[in-house]
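What the coordinates show
Residues per chain are reported as follows:
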Amino acid sequence: MIYPAEPFRIKSVETVSMIPRDERLKKMEEAGLNTFLLNSKDVYIDLLTDSGTNAMSDKQWAGMMMGDEAYAGSVNFYHLEATVRELFGFKHIVPTHQGRGAENLLSQLAIKPGQYVAGNMYFTTTRYHQEKNGASFVDIVCDEAHDATLNVPFKGNIDLNKLQKLIDEKGAKNIAYICLAVTVNLAGGQPVSMENMRAVRELTSAHGIKVYYDATRCVENAYYIKELEKGFENKSIKEIVHEMFSYADGCTMSGKKDCLVNIGGFLCMNDDDLFSQARELVVVYEGMPSYGGLAGRDMEAMAIGLREAMQFEYIEHRIKQVRYLGDKLKAAGVPIVEPVGGHAVFLDARRFCPHLSQEEFPAQSLAASIYVETGVRSMERGIISAGRNKETGEHHKPKLETVRLTIPRRVYTYAHMDVVADGIIQLYKHKEDIRGLRFTYEPKQLRFFTARFEYI
Ligand SMILES: Cc1ncc(COP(=O)(O)O)c(C=O)c1O
């Protein structure tokens, strides 16, 4: 079975409908050609993000009713703590309202101004917090990750030579920690191999450098290890996830992805002192260490969701549904980032719009055109998301200039994927009509969320 059927049946439905093309054009212009600024009621199929857009199971909804909304010491916190300890193997957990809450705590506590943080490609909010706390971010992902056309496994791997070079040049004590993302969102959802995680652990241990994972899509990463890496075919997803984290000192987690919930996150660590400091700091930004900005019911749903995500039938369908969309687009000649990653299909805007330069924001414009043509909402992951260099003020110019078609978990069917593919294939036939953009409003940080544009 290449594309397995949904391993669930649908108990509650949400109606979607498509507004006419001329209205979509008007809505897109009113939104400053930024898909983040559209009203969701005007969107037919919403592939803006997989973050917090998951459909929860009957068991999670039942768990919501078991929410213990005590200000301190909620039973749901203890359930979440026990679940994360068992599945991830870390000693301590601090809940946060979402992933960036955990990034904020870790960056404040683990970075001294002037230090370096190295990672397998940047992520927007993660790098923001690292830089805000005085670090310089160094990308040490393997070169393959930057090439959209290269179809090789584990493009999320860290290049060990780049890591060694950084240690030699800057000195281990000047490296705050390594931030290893499983999977790498901006590379196209590309996974990291177990072999690479082990090697990173060995090298960093030899120099006393800490490694914190961005665990956001760790279950998706584990599926790839089972599918592609020798020796893991017969291991369960749970065993693989556990081994992955055995090579880390802790992690930040956006529960809004692989915990199958709509809100939540947490920070984990083994170090007792760091835990003690995180407990002190979390009360400033999130709330008591036993709720961290979440309702008791949210923590319950997250504990149940994380366990559900480890079920093989769930994760196999998840990965293969995304792959189905990618395969369809590729078969029609639409340029995508290869191989297809875990949470999204990324259109390669450089090849989709070869008539536009990167400074004309091809991916931003392509995302706007996709909405107008198809009613499907996607997002830019290219020069706009990359922002500006904090020293020079120049645009970061990533090699990957992409539009992300992000698939929410357990929400859409293969028929929805067909509609998305057919619409984009149609648009590709008159791609020359996609025009370049310029800013009319450029926010100072994380500009992709709220920027506005006009056609040149
Ligand atoms: C790889 C990665 N890290 C961190 C985050 C931040 O998580 P959150 O949106 O829950 O703050 C995200 C969210 O999109 C992500 O994809």
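Residues numbered from 1 in each chain as written. Predicted model: local features only at pLDDT ≥ 70, side-chain atom pairs only at ≥ 80, totals over all residues. Heavy atoms only, no water.

1. Quick notes on the overall build of the protein
- When its secondary structure is counted, the protein shows 16 helices and 14 strands.
- For the protein, the C-alpha radius of gyration of 21 Å lies close to 23 Å, the compact-globule estimate for 456 residues.
- If you line up the protein on its principal axes, its C-alpha atoms span 60 × 55 × 45 Å.
- Residue pairs at least 24 apart in sequence account for 72% of intrachain contacts in the protein once pairs closer than 6 positions are excluded.
- Within the structure as shown, the protein displays about 18,300 Å² of accessible surface, and the carbon and sulfur contribution to it stands at 51%.
- Placing the 55 positive and 60 negative side-chain charges of the protein at their respective mean positions leaves the two points 1 Å apart. (Helix = DSSP H or I, 4+ residues; strand = E, 2+ residues; numbered from the N terminus. Rg over C-alpha atoms; globule rule 2.2 N^0.38 Å. Contact = heavy atoms within 4.5 Å. Areas by Shrake-Rupley, 256 points an atom, 1.4 Å probe, with all protein chains shown as cover. Lys, Arg positive; Asp, Glu negative; His and termini not counted. Charge placed at Lys NZ, Arg CZ, Asp CG, Glu CD.)

2. Brief notes about the pattern of salt bridges
- Counted under the stated rule, the structure contains 35 salt bridges.
- R127 is paired through a salt bridge with E131; the nearest N and O atoms lie 3.9 Å apart. You can see R127 and its partner E131 sitting in helix 5 (residues 124-132), 4 residues apart, about one turn around the helix.
- Under the relative-accessibility criterion, R127 is labelled buried at 12%.
- On the accessibility criterion, E131 (22% relative accessible area) is partly exposed.
- With a shortest N-O distance of 2.9 Å, E338 and K330 are connected by a salt bridge.
- Taking the relative accessible area as the measure of exposure, E338 reaches 13% and is therefore buried.
- A relative accessible area of 42% means that K330 is categorised as partly exposed.
- Overlapping salt bridges, with partners in common, bring together D50, R217, E220, D258, R318 and R409 in one network. (Salt bridge = Lys/Arg side-chain N within 4 Å of Asp/Glu carboxyl O. Buried < 20%, exposed > 50% of the residue type's maximum accessible area, 1.4 Å probe, protein only.)

3. Here's the deal with the site of the ligand
- For the ligand, the set of nearby residues contains 14 residues, the closest of which are G99, R100, D214, S254 and K257.
- Between Q98 and the ligand, the recorded distance is 2.8 Å, taken from a side-chain N or O atom to an oxygen atom.
- Calculation on the ligand without its partners gives an accessible area of 390 Å², and the protein chains cover 95% of this total.
- Tallying contributions element by element places helix 4 (residues 99-110) first for the shell around the ligand, with 3 residues. (Near = heavy atom within 4 Å. Polar contact = N/O pair within 3.5 Å; in protein donor to acceptor, adjacent residues only side chain to side chain.)

4. Observations concerning helix 7 (residues 194-207)
- For helix 7, with 14 residues, the first-to-last C-alpha span of 20 Å sits near the 20 Å given by 1.5 Å per residue.
- Regarding helix 7, the residues found buried are M194, N196, M197, V200, R201, L203 and T204.
- Contacts from the buried residues of helix 7 go to helix 6 (160-170), strand 5 (175-181), strand 6 (211-214), helix 8 (218-228) and helix 9 (237-245).
- Once helix 7 finishes, G208 follows within two positions and takes phi at roughly 70°, a positive value. (Expected span 1.5 Å × (residues − 1).)

5. Regarding the nonpolar core
- Core analysis: the biggest nonpolar cluster contains 62 residues, and F88 and Y213 have the highest contact counts within it.
- Setting aside chain neighbours within four positions, we find Y213 in contact with L180, V182, M197, M244, F245, Y247, A248, G250, C251 and T252.
- Counting 34 residues, the second largest nonpolar core, distinct from the first, contains L47, L325, V403 and Y412. (Core = buried A, V, L, I, M, F, W, Y, C linked by side-chain atoms within 4.5 Å.)

6. Structural notes on the packing of aromatic side chains
- The final tally for this structure, using the stated rule, is 19 aromatic pairs.
- The interplanar angle of 85° and the centroid separation of 4.9 Å between the aromatic rings of Y3 and Y324 together place this pair among those described as edge-to-face. Highlighted residues: Y3 in the segment before helix 1 (21-30) and Y324 in helix 12 (residues 312-331), separated in sequence by 321 residues.
- Ring plane angle 55° and centroid distance 6.4 Å describe the contact between Y3 and Y414, whose orientation is recorded as tilted. Taken as a pair, Y3 in the segment before helix 1 and Y414 in helix 16 (residues 414-429) lie far apart in primary sequence, 411 residues in all.
- In this structure, R127 packs its charged tip against the face of Y122, placed 4.2 Å from the ring centre.
- For R381, the ring lying beneath its charged end belongs to F448, and the centroid distance is 4.7 Å. (Phe/Tyr/Trp six-rings, centres within 6.5 Å; stacked < 30°, edge-to-face > 60°. Lys NZ or Arg CZ within 6 Å of the ring centre and 35° of its normal.)

7. Quick word on the pairing of strand 7 (residues 250-254)
- Counting buried residues in strand 7 gives 5 out of 5 residues, a clear majority hidden from the surface.
- Where burial is concerned, the two faces of strand 7 agree: the one with G250, T252 and S254 and the one with C251 and M253 are both buried.
- In this structure, strand 6 lies alongside strand 7, joined through 3 bridges in parallel fashion. Within strand 7, the position partnered with Y212 by the bridge is G250.
- Where strand 7 and strand 8 (residues 265-269) come together, 5 bridges link them in antiparallel fashion. Residue C251 lies in a different strand from strand 8, and its bridge partner there is C268. (Pairing = 2+ DSSP bridges.)

8. Quick notes on the sheet that holds strand 2 (residues 92-96)
- Reading across from one edge, 2-8-7-6-5-3-4 is the order of the 7 strands in this open sheet, with mixed pairing throughout. The open sheet has two edge strands, strand 2 and strand 4 (136-139), and neither has a second partner. Neighbour to neighbour, the strand axes of the sheet diverge by 20° on average, direction disregarded.
- Here 4 bridges tie strand 3 (residues 116-119) to strand 4, and the two strands are oriented parallel to one another. Note on strand 4: the bridge partner recorded for Y116 is S136. (Axes fitted to C-alpha atoms, helices over the stretch in contact; angles between N-to-C directions.)

9. Considerations on helix 3 (residues 75-88)
- The terminal C-alpha atoms of helix 3, which comprises 14 residues, lie 20 Å apart, in line with the 20 Å expected from a rise of 1.5 Å per residue.
- Every buried residue of helix 3 is listed here: N76, F77, L80, E81, T83, V84, L87 and F88. Down the axis of helix 3, the buried set is contained in an arc of 165°. They therefore lie on one face.
- Summarising the contacts, the buried residues of helix 3 are in contact with strand 2, helix 8, helix 9, strand 7, strand 8 and helix 11 (296-309).
- Of the residues flanking the start of helix 3, the one acting as N-cap is S74, its side-chain oxygen 3.1 Å from the backbone nitrogen of N76. (Arc of directions from axis to C-beta.)

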